[in-house]
Structure formats: structure tokens, C-alpha cells
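Structural features, examined
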Number of protein chains: 4
Amino acid sequence: MTFSTERRVEFRDTDAAGIVHFSAFFPMMEAAEHEFLRSLGLSVMPGAGANYPSVTWPRVAATCNYLAAAHFEDILRISVRVAKIGTTSVVYAFRFHREEEAIAEGTMTAVCCRLPDRPQVPSTGGLKKTPIPDPIRELLSRGV
Amino acid sequence: MTFSTERRVEFRDTDAAGIVHFSAFFPMMEAAEHEFLRSLGLSVMPGAGANYPSVTWPRVAATCNYLAAAHFEDILRISVRVAKIGTTSVVYAFRFHREEEAIAEGTMTAVCCRLPDRPQVPSTGGLKKTPIPDPIRELLSRGV
Amino acid sequence: MTFSTERRVEFRDTDAAGIVHFSAFFPMMEAAEHEFLRSLGLSVMPGAGANYPSVTWPRVAATCNYLAAAHFEDILRISVRVAKIGTTSVVYAFRFHREEEAIAEGTMTAVCCRLPDRPQVPSTGGLKKTPIPDPIRELLSRGV
Amino acid sequence: MTFSTERRVEFRDTDAAGIVHFSAFFPMMEAAEHEFLRSLGLSVMPGAGANYPSVTWPRVAATCNYLAAAHFEDILRISVRVAKIGTTSVVYAFRFHREEEAIAEGTMTAVCCRLPDRPQVPSTGGLKKTPIPDPIRELLSRGV
């Protein structure tokens, strides 16, 4: 199972070389991940109503390979796949295409952490790794 | 009294027109404001140790006029001045220069708000306006 | 005539105060402006095929007033209106709403400039103001 | 030989989880790379005066591993090392520390490309890989 979504390159995504800045692919991956999670009925920052413990997903690794330049107003199709699920972490794999042309491919590794009971603003970190709750694991596993 | 600081334009600040993106001036203003506040011994997000109530400064207005284009690797001098202090708000005025050439000028209006006693992550807003604490007002007023 | 579009707040738009960073509203305004221009059949960076001289629209002013905080995953409706057309410049007015709640309102002033015949990469600026071409003026004027 | 530089985390680098957004490490790597290149007398976008052909360095790969969260106003020390030089590409390795604590480590692979003689704005890409000019190779090799 692969989820995919489209977005148009905005001007702020570009740089003085006239192309999408390499760093701009990472927020695009994250937005696609979040859209994928919403499509499963999950949220990255679930509220009190959820029927499983509140968890958050800090990233521990991210990679991207750039295959062709993308430009302002290009329409990019971004696919998201769950490449691997461990006890506490999940690896997403992403592909960016402009029509049939491969533009970039990347990965993002997120670790499941329990949200603190009495959080502080600003957060001082201190998140604790926790096994991925079963209802979430089940949903994500459909994509492996 | 005017505070000033310098920064070099980074590649991520530019866009496909080959110049600094207009939106990139706002984080530069904010960073200069924060550096100014630190120079006064203040922080935008004070911890428990401060001898006045913990406050934060959400922005209620921002403006910028662009006078000349800035480019990658330009060194910009940014001056910060307290243009006005009200009961609960402060207006900062900024000027950007590249050597003698005026590049941009802007303003930012921040409102003094009390940090909640039991904050939530993510914050759900709900900040309450509060009069600027006297020790802070005194420090900022030196700049008016 | 008012154009409007929707977008969902992405995580990269937020800051450690738990809300959308004030600077993030400016790229959102610009993206809405570009979507508006595309809806008129115009492009911010027209290619050789257009039936009028190639122009570009550097910004000379931008403002934003923040009325309420926006948060991760909020859906914002952004309206774009041509508030004023001068000989060489256009002022856009923007409003951001989350359902019925006003979140922010802003303006952006863009100046019509002719693209150089022999551009350099990276651009060294040197754009020249030019009267807004009639076909563009006519399209934009429908919105005043 | 390792080059290192410091920077303070700015508010725009943070996100609603209260920490530096994972994507913000990439522009920091790039800025450190550019500072390293300037320290060698090189520029990422050399002008006509240079005594070697004008080249530019699009990225073909970037990775980052996140070891600990960074926060607003943290001072990060970023080290840059040339990990590998090929015929046409260079791999940089980066480490981020907050005092003695390792925060992140990453890599960036850049490919040497010749700037076109008659560039277009906006660039349509079409850059051609070229062997790294000897004067640049020599400077970078001191770091391997």
C-alpha cells in the first residue's frame, strides 16, 4: 500500500540557483507523512479523545537523494510508504515525481514517544521512547 | 539608544529571483529583537529564575518596506529601536543596511502576555495580555 | 471580485510557542497571490510564449496584522483582493480565516519590472520598473 | 583539518514540539559549508574574477541523524569536514554539539557543475557535471 499526494512548488521553496532548495524537500516529506497519517485516522499530535496513549514522533534520521532539479510552480507527486516498523520506530520512504520524471527520494525515521503528563512550554524535551501502541502499529503495518 | 547587529545572507534566504525573499526579513527582524533583548539581560522565553512574572511576546503586527534587493552572502547591518511602549505592547523599528545602502525598514508590534501556569503541548494559545512588568518596561524605555 | 483558496497549516509553519510563526503568513500570502494570478491565466514568471513583455513582480512592501493564533493542522481560508492598481504597482489585500474566525489580514505591494534580456545567474538585481502591461492591468482590474 | 563555527538557534528554527525542526539542520549545514568554503577563499557562486572556471555545487544527497533535541537560543557548534573527494563530487560531514553534548551529525554530497555561459532567469537547470578544478580540489583536499 502506498499513499500519494500532490503539491505545487511555491516560490519560497526556491533559491538563487533557480531551483527548489534541497532542504525544502524535508518539510514536504513531513507534510506528506502527516497527510498519510490523517488518511489512516491518526494525528501526529493526538488530543485527549484518542483511544490510545498520546504519543509524538520525533525524527531520529532523515535522508534525501536528489535526482533532478524541481522548479517554481512544478507539480510534484509525493508517495509515502512505510518501509519498516520496529518496536518503537517507523521508517518512511518517499518518492517525488514530476509527471513521469523522478525528482528525489528520501527516508525519515520517527521514534514513538509518550507525551509528558505535565508538559512545559517551551518543551524541554525529555520525551521517553515507548513501544508503538497496537492500534497505530496495526494501521501502519498495512503499508509494509 | 539603538542596538545593532550584523548577519550574512544565507543561501536559504534567497529565492529564484536571485535575491533575498521578502519573507526572510521577518525572521531576521525577530532574531535582531531577541539579540537586543538578550543585550538587556531579558529573554523572550524566561525561565523560572527571573525576578518578574514569566511573560511571552506574541506579535500582533509586522511590516516591511523593501528599498533595494539583498543577495546571497551580503552582510546586512540590522538596527533595532524601541519606537513606542504602550501599557501592554511594544513597537520595534528595524533598519537593514548593506554598508551605506538602505535595504529595508520594518516594524514589529509585540504584546506582553503572561505564560499560563499549566501550559499544554502543543500550546492551545489562550494567552492573556498583561501590563509590561516594570523591570522590563524600564529596560526597554531606555531605547525610546 | 475576491479570489480565495485554502491550505492546511504544516508543522514547519509552527514555532516553539505552539502556533504558526508570524513570518509564515507572508509565504502563504504570496502563494495565494500566485494561485490568484494563475486563475487569471497569468504567471509570476512568464515564459517566452506570452503575448506581452516578460515582467516580474518584486515586492516593495508587506504588512500583516495578527488577530488570533493559528495552529498545526488548522485549515485556513485565504482571500486575495486587488486593493489598488497604480501605473507600475499593485496592492493586494489578504484575509485569513479559520472557519468564521478572523486569524490575520495583510497587504503586499508588488512593482511591475521588466525582466532583463540577458539575465545573470545569480541575478544581480538591476530590474527596471515598467508600466503594467495592458492585458495584465485589465485582468487585475476586474478585482478592484 | 576540521573547520568549525557557532550559531545560536533562532526562534524560526523551532517548531510546535518546542525543539529545532529536523529540517532546519540542513540550512545550518549548508551555511557552515559556505563559511568553510569562504575560509578557503572559495565561494559557492564565484564571480568573473576567479582564476578558474565558474562552477556551482548542487546537492545530490543529504542525510542527518538526530541525537538530542536542540532548543531556542541554544548555541550550537558545527564542525565541517571533507569526508571524500571524487572526480566531480565532494562529501562533507557535519557534527553539531551543544557544549560537550552531541546533537546531530549529517552529510551533504555536492556535485561540481559548470555554470552556463548564457544563463536564464529563472534557471532551467541543465547544469553539466564537470571535474572539480585543480585549485579547488587542492584546497578541499587539505581537509580529507
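Residues numbered from 1 in each chain as written. Chains lettered and ligands numbered in written order. Predicted model: local features only at pLDDT ≥ 70, side-chain atom pairs only at ≥ 80, totals over all residues. Heavy atoms only, no water.

**Observations regarding the sheet that holds strand S8 (residues 128–129) of chain D**
Pairing is antiparallel across the open sheet formed by 3 strands, whose spatial order is S2-S7-S8 (chain D). Every other strand in the sheet has two partners, leaving strand S2 (55–56) and S8 of chain D as the edge strands with one partner each. (Pairing = 2+ DSSP bridges. Helix = DSSP H or I, 4+ residues; strand = E, 2+ residues; numbered from the N terminus.)

**Here we look at the sheet that holds strand S5 (residues 89–98) of chain C**
Strand order in this open sheet of 10 strands is S1(B)-S4(B)-S5(B)-S6(B)-S3(B)-S3(C)-S6(C)-S5(C)-S4(C)-S1(C), and the pairing throughout is antiparallel. Where the open sheet ends on each side, the last strands, each with one partner, are strand S1 (3–8) of chain B together with strand S1 (3–8) of chain C. Looking at each pair of strands side by side, their axes are set apart by 20° on average, direction ignored. The pairing of strand S4 (residues 75–85) of chain C with S5(C) spans 8 bridges and is classified as antiparallel. Residue pairing in the sheet places C:Ser79 in a bridge with C:Arg95 of S5(C). Lying over the sheet, helix H1 (residues 25–39) of chain B contacts S1, strand S3 (59–66), strand S4 (75–85), strand S5 (89–98) and strand S6 (101–111) of chain B together with strand S3 (59–66) of chain C, oriented at roughly 115° with respect to S3(B). (Axes fitted to C-alpha atoms, helices over the stretch in contact; angles between N-to-C directions. Contact = heavy atoms within 4.5 Å.)

**Description of the relation of the copies chain A and chain D**
The relation between the two copies of this chain is a rotation about an axis and a shift parallel to it. Superposition record for chain A on chain D: RMSD 0.0 Å, screw rotation 180°, translation along axis 0.0 Å. Look at the turn and shift together and you get a two-fold axis relating the two. No C-alpha of chain A approaches the rotation axis more nearly than that of A:Thr63, which lies at 2.1 Å. Both copies contact each other with a shared surface, as 100% of the interface residues of chain A are interface residues in chain D too. (Least-squares fit on C-alpha atoms with pLDDT ≥ 70 in both.)

**Comments concerning unusual backbone geometry**
Residue and element names in this part refer to chain A. Positive phi, normally seen in glycine, also occurs at glutamate 99, with a value near 50°. The topology assignment puts glutamate 99 in the loop between strand S5 (89–98) and strand S6 (101–111). For glutamate 99, a relative accessible area of 73% gives the class exposed. (Buried < 20%, exposed > 50% of the residue type's maximum accessible area, 1.4 Å probe, protein only.)

**Some remarks on the packing of aromatic side chains**
Counted according to the given criterion, the structure contains 34 aromatic pairs over all chains. Aromatic side chains C:Phe3 and C:Phe36 sit 5.8 Å apart centroid to centroid with 50° between the ring planes, which places their arrangement in the tilted category. Taken as a pair, C:Phe3 in strand S1 and C:Phe36 in helix H1 (residues 25–39) lie far apart in primary sequence, 33 residues in all. Taking 5.1 Å as the distance between ring centres and 80° as the angle between the ring planes, the aromatic pair formed by C:Phe11 and C:Phe72 counts as edge-to-face. Separated by 61 residues along the polypeptide, C:Phe11 in the loop between S1 and H1 and C:Phe72 in the loop between S3 and S4 bring together distant segments of the chain. Aromatic rings pair up to connect A:Phe22, A:Phe25, A:Phe26, A:Tyr66, A:Phe96, D:Phe22, D:Phe25, D:Phe26, D:Tyr66 and D:Phe96 into one cluster. The aromatic ring of B:Phe22 is capped on one face by C:Arg59, whose charged end is 5.5 Å from the ring centroid. (Phe/Tyr/Trp six-rings, centres within 6.5 Å; stacked < 30°, edge-to-face > 60°. Lys NZ or Arg CZ within 6 Å of the ring centre and 35° of its normal.)

**Brief notes about the nonpolar core**
Membership of the largest hydrophobic core comes to 85 residues, with the highest contact counts inside it found for A:Phe96, A:Leu140, D:Phe96 and D:Leu140. Sequence-distant contacts of A:Phe96, that is, excluding residues within four places in its chain, are made with A:Phe25, A:Met28, A:Met29, A:Leu76, A:Arg77, A:Ile78, A:Glu101, A:Ala102, A:Ile103 and A:Ala104. (Core = buried A, V, L, I, M, F, W, Y, C linked by side-chain atoms within 4.5 Å.)

**Some points on the pattern of salt bridges**
Close approach of charged atoms allows side chains with opposite charge to pair. The tally for this structure, following the rule as stated, stands at 32 salt bridges over all chains. The shortest N-O distance in the salt bridge between D:Glu105 and D:Arg95 comes to 2.9 Å. Here D:Glu105, found in strand S6 (residues 101–111), pairs with D:Arg95, found in strand S5 (residues 89–98); they are 10 residues apart in sequence, far enough to count as distant. Judged by its relative accessible area of 44%, D:Arg95 is partly exposed. Here the residues in one salt-bridge network are A:Glu30, A:Glu33 and A:Arg59, joined through shared partners. (Salt bridge = Lys/Arg side-chain N within 4 Å of Asp/Glu carboxyl O.)

**Let's talk about the pairing of S1(B)**
All names here are of chain B. Covered by surrounding structure in S1 are Phe3, Thr5 and Arg7 only, the residues Ser4, Glu6 and Arg8 on the alternate face being uncovered. Relative to S4, S1 runs antiparallel, the two sharing 6 bridges. Bridged to phenylalanine 3 within S4 is valine 80.

**Topic: the environment of A:Pro135**
Here A:Pro135 is to be found in helix H2 (residues 134–141). With 93 residues separating them in the primary sequence, A:Pro135 and A:Leu42 have C-alpha atoms 9.8 Å apart.

**Observations concerning the interface of chain A and chain D**
Chain A puts 23 residues into the contact, and the matching count from chain D is 23 residues. Across the contact surface, chain A and chain D share 0 salt bridges. For the interface between chain A and chain D, the tally reads 6 residue pairs in polar contact (both at pLDDT 80 or more). Contributions of two or more residues to the side of chain A that touches chain D are made by helix H1 (25–39) and strand S3 (59–66) of chain A. Counting residues per element, the side of chain A that touches chain D draws most heavily on S3(A), which supplies 8 residues. (Polar contact = N/O pair within 3.5 Å; in protein donor to acceptor, adjacent residues only side chain to side chain.)

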